[in-house]
Amino acid sequence: MFFWKIKKQIQRLIDIDYDLNKFEMSKTLFLNSLMSLDDDIQAMIEFDLESKLSKAKYSKEEYIKGIKNVTCADISNVFKKYKPYFTYVLKGTGNEESL
C-alpha cells in the first residue's frame, strides 16, 4: 500500500531532489554525535558493539573522515543499486516533500 511512497522517496535520493543545506546539516549533526562519543560511555559501548557486529574495522576517527567525504552523488549511487528487501513505513506528518 505505501510501497509506492517509498519508491518515490528513493527516487528523490537518486535524483538528488532534496535540500543540500539540510544534507550538510545532517552530516554535521551526525559528525558532532560521533565526536562526542567519548563523553557518553553508553554511546561508546554501542558504537564498539555495532562495529564488532558489522565487522567494521574502522576507528572512530576513520569513520568520521569517511562521513565527511560522503557526497550526494555517493548516496545517489547507493540507491541506484538498492533492491527492496524489507519495507517498513513510518507515516509522516505530510511535509515529506519539503525535505
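Residues numbered from 1 in each chain as written. Predicted model: local features only at pLDDT ≥ 70, side-chain atom pairs only at ≥ 80, totals over all residues. Heavy atoms only, no water.

(A) The side chain of Ser 76, seen in detail. Tracing the sequence through the fold places Ser 76 in helix α5 (residues 72-80). Setting aside its immediate chain neighbours within four residues, Ser 76 contacts Leu 13, Ile 14 and Ile 16. (Helix = DSSP H or I, 4+ residues; strand = E, 2+ residues; numbered from the N terminus. Contact = heavy atoms within 4.5 Å.)

(B) Representation of helix α1 (residues 3-14) within the structure. For α1, spanning twelve residues, the distance from its first C-alpha to its last is 16 Å, which sits close to the expected 16 Å at 1.5 Å a residue. Taken residue by residue, α1 has Ile 6, Ile 10, Arg 12 and Ile 14 as its buried positions. Structurally, α1 contributes buried residues whose contacts are with α5. Residue Ile 16 follows α1 closely and has a positive phi angle near 55 degrees. (Expected span 1.5 Å × (residues − 1). Buried < 20%, exposed > 50% of the residue type's maximum accessible area, 1.4 Å probe, protein only.)

(C) Local environment of helix α4 (residues 60-69). Among the residues making up α4, those that are buried are Lys 60, Ile 64 and Ile 67. The buried side chains of α4 occupy one side of the element, clustering within an arc of 65 degrees when seen end-on. For α4, the exposed residues set more than 90 degrees away from the buried face come down to Glu 61, Lys 65 and Asn 69. (Arc of directions from axis to C-beta.)

(D) Broad picture of the packing of aromatic side chains. Following the criterion strictly, the structure yields four aromatic pairs and no others. The interplanar angle of 45 degrees and the centroid separation of 6.0 Å between the aromatic rings of Phe 79 and Tyr 82 together place this pair among those described as tilted. The partly exposed category is assigned to Phe 79, whose relative accessible area is 24%. Grouping aromatic residues by their ring pairs yields a cluster made of Phe 30, Phe 47 and Tyr 63. (Phe/Tyr/Trp six-rings, centres within 6.5 Å; stacked < 30°, edge-to-face > 60°.)

(E) Representation of the nonpolar core. Counting seven residues, the largest nonpolar core consists of Leu 31, Leu 34, Leu 37, Ala 43, Phe 47, Ile 64 and Ile 67. Looking at this core, the elements with two or more residues in it are α2 (20-35), α3 (41-53) and α4. (Core = buried A, V, L, I, M, F, W, Y, C linked by side-chain atoms within 4.5 Å.)

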